[in-house]
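# What the coordinates show
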Amino acid sequence: MVLPRVGLLGVGRMGGPILTALEAAGYDVLAFDPVTRPESSEAAVIEHAEILVTVMPGAFELPLVPDTLVLDLTSNDPRHAERAASNGVTIVGAPMGGGAAAASSRSLRFFVGGAQANVDRARPLLELLGTVDHVGQGVGDGYVAKLLANLLWFGQVVAVSEVLLLGQSLGVPPARLSASLGASAGRSGFIDDHLPSLLAGDYLEDFGIDRVVEELDILVSLATENRIPFELSTLVTRLHREALDRFGAVDGELLAARLLEQRAGRELRG
C-alpha cells in the first residue's frame, strides 16, 4: 500500500513522538516547527502534504489546497474548524487525549469529528498513534467532546483539592482520605489516575496552565453564546485563571490545586 505524504506542523512535546512514529511506519513526512524545525517552512510542508497534520494550537489560518486533508490534533476552538470547513478546507478535528508518554507509546486517544469519508482517510494514521473515538460527523464534534472531558477533569482538580484540604484540617491524612474516596460514590478518574501525583508534590508539568485557561475560556464563551447556565464551570475557570496570574505561564496542570494549598496554608502530602 502506498502511504500518503504527510506534512506535520508542530514538532514539540507531542509532535516529536508523532513524527518519530510516522517515520518509523514508513510515511514520507516533511515537518515544520518555528522552534525545533525552522529549516523547513509552513508553505513547503503544506505543498508536500496529502495529509496535513497540525499539532500547533491556535486559530486556523490555512490555505485551501485541493485534495489535501487537514488533520488537526489539538484541543482547539470548534468554531475555528467549522470556519475552515465552511471556507472549503477538508478537515478532520481529532484532538488527542494523553500526554507525551502516550504519544511515545502510541496510546493516544483521539476525539474525532468529521465526515465519514474524511475520517476513513485519516483513520490508518490515527490508529497508528492510538485509538479513535468518532464522536460525530461535524468537524467540531471531537473538539467539543475533548474540551468538555478536560473541563470535568479540571473541575475535579478543584473539587478534590478542596475536599482533601478540609479533611486534612479536620485530622484525616490526605492519603487515607483519598483511599476512602476512591472506593466511594465520589470516585473519579482524577482520583484513580492523577491524585497520587498531587500527593507526591507533582503538579503535572506536561501541560501549561495558560493552555488550561485557554481551553476553559473557549467553553465559557460557547456557553455564553448558546445561553447555557455555566456557573460552576465559570468558577473553575476563574480559579485556574487566578493560578495563571499567581504562577505565570508555566507548565503544571495541577497549579489550581497548588493555589488552593497556598490559600489554605498547608500542602496535601501523605
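I will try to describe carefully the structure that is included in this document. (Residues numbered from 1 in each chain as written. Predicted model: local features only at pLDDT ≥ 70, side-chain atom pairs only at ≥ 80, totals over all residues. Heavy atoms only, no water.)

## Here's the deal with the overall build of the protein
Along its length, the protein carries 12 helices and 8 strands. What you see for the protein is a C-alpha radius of gyration of 20 Å, in line with the 18 Å of a compact globule of 270 residues. Overall size of the protein, expressed as C-alpha extent along the three principal axes, is 65 × 40 × 35 Å. Across the 270 residues that make up the protein, the buried fraction comes to 50%. (Helix = DSSP H or I, 4+ residues; strand = E, 2+ residues; numbered from the N terminus. Rg over C-alpha atoms; globule rule 2.2 N^0.38 Å. Buried < 20%, exposed > 50% of the residue type's maximum accessible area, 1.4 Å probe, protein only.)

## Some thoughts on the environment of Val157
Assignment of secondary structure puts Val157 in helix 6 (residues 141-169). Between the C-alpha atom of Val157 and that of Glu253, which follows or precedes it by 96 residues, the distance is 9.0 Å. Not counting residues within four places of it along the chain, the set of residues in contact with Val157 comprises Phe190, Leu254 and Ala257. (Contact = heavy atoms within 4.5 Å.)

## Overview of the layout of surface pockets
As a volume, the largest pocket reaches approximately 1,100 Å³. Those elements that provide at least two residues to the lining of the largest pocket are strand 6 (96-97), strand 7 (108-113), helix 6 and helix 10 (209-225). Counting residues per element, the lining of the largest pocket draws most heavily on helix 6, at 5 residues. Each residue belonging to the lining of the largest pocket can be placed in one class, and the counts come to 15 nonpolar, 12 polar and 10 charged. (1 Å grid on protein atoms, 1.4 Å probe; cavity = no way out; pocket = protein on both sides within 12 Å on 5 of 7 lines; lining within 4 Å. Points joined across faces, edges and corners; volume = space filled by probe spheres on them. Nonpolar A, V, L, I, M, F, W, Y, C, P; charged D, E, K, R; others polar.)

## Focus on the pairing of strand 2 (residues 29-32)
Note that strand 1 (residues 6-9) and strand 2 share 4 bridges and pair parallel. Counted as the bridge partner of Leu8 is Ala31 from strand 2. Read as a crossover between parallel neighbours, the route from strand 1 over helix 1 (residues 15-24) to strand 2 is right-handed. (Pairing = 2+ DSSP bridges. Right-handed = clockwise from strand over helix to strand, strands pointing away.)

## Some thoughts on the packing of aromatic side chains
Taken as a whole and assessed by the stated rule, the structure comprises 2 aromatic pairs. Here the aromatic residues Trp153, Phe154 and Phe190 are joined through ring pairs into a cluster of three or more. (Phe/Tyr/Trp six-rings, centres within 6.5 Å; stacked < 30°, edge-to-face > 60°.)

## Quick notes on the packing of helix 1 against helix 5 (residues 116-129)
Following both chains from N to C, one finds helix 1 and helix 5 inclined at 115 degrees, their axes separated by 10 Å at the closest point. With respect to their mutual orientation, helix 1 and helix 5 come out roughly perpendicular. Where helix 1 crosses over helix 5, the handedness of that crossing is right-handed. Of the residues in helix 5, those touching helix 1 at Ile18, Ala21 and Leu22 are Leu125, Leu128 and Leu129. Looking at the contact of helix 1 with helix 5 residue by residue, the classes come out as 6 nonpolar, no polar and no charged. (Axes fitted to C-alpha atoms, helices over the stretch in contact; angles between N-to-C directions. Parallel < 35°, antiparallel > 145°, perpendicular 65-115°, else oblique. Left-handed = near helix turned anticlockwise from the far one by under 90°.)

## Some points on the packing of helix 10 against helix 11 (residues 231-247)
Look at helix 10 against helix 11: their axes get within 9 Å of each other, and the N-to-C directions meet at 155 degrees. Comparing the axis directions of helix 10 and helix 11 gives the class roughly antiparallel. With respect to the hand of their crossing, helix 10 and helix 11 are arranged in left-handed fashion. Contacts between helix 10 and helix 11 involve Ile209, Asp210, Val212, Val213, Leu216, Asp217 and Val220 from the former and Thr234, Val236, Thr237, His240, Arg241, Ala243 and Leu244 from the latter.

## Considering unusual backbone geometry
Positive phi is not limited to glycine here, since Leu204 has a value of about 55 degrees. Relative to the elements of secondary structure, Leu204 occurs in the loop between helix 9 (195-199) and helix 10. A relative accessible area of 12% places Leu204 in the buried class. We note that Arg227 has phi near 60 degrees; this positive angle belongs to a residue other than glycine. Residue position: Arg227 is located in the loop between helix 10 and helix 11.

## A few points about the side chain of Asn150
For Asn150, the location among the structural elements is in helix 6. In this structure Asn150 comes out as buried when scored by relative accessible area, which is 14%. Not counting the four nearest positions on each side in its chain, Asn150 is found in contact with Ser75 and Glu215.

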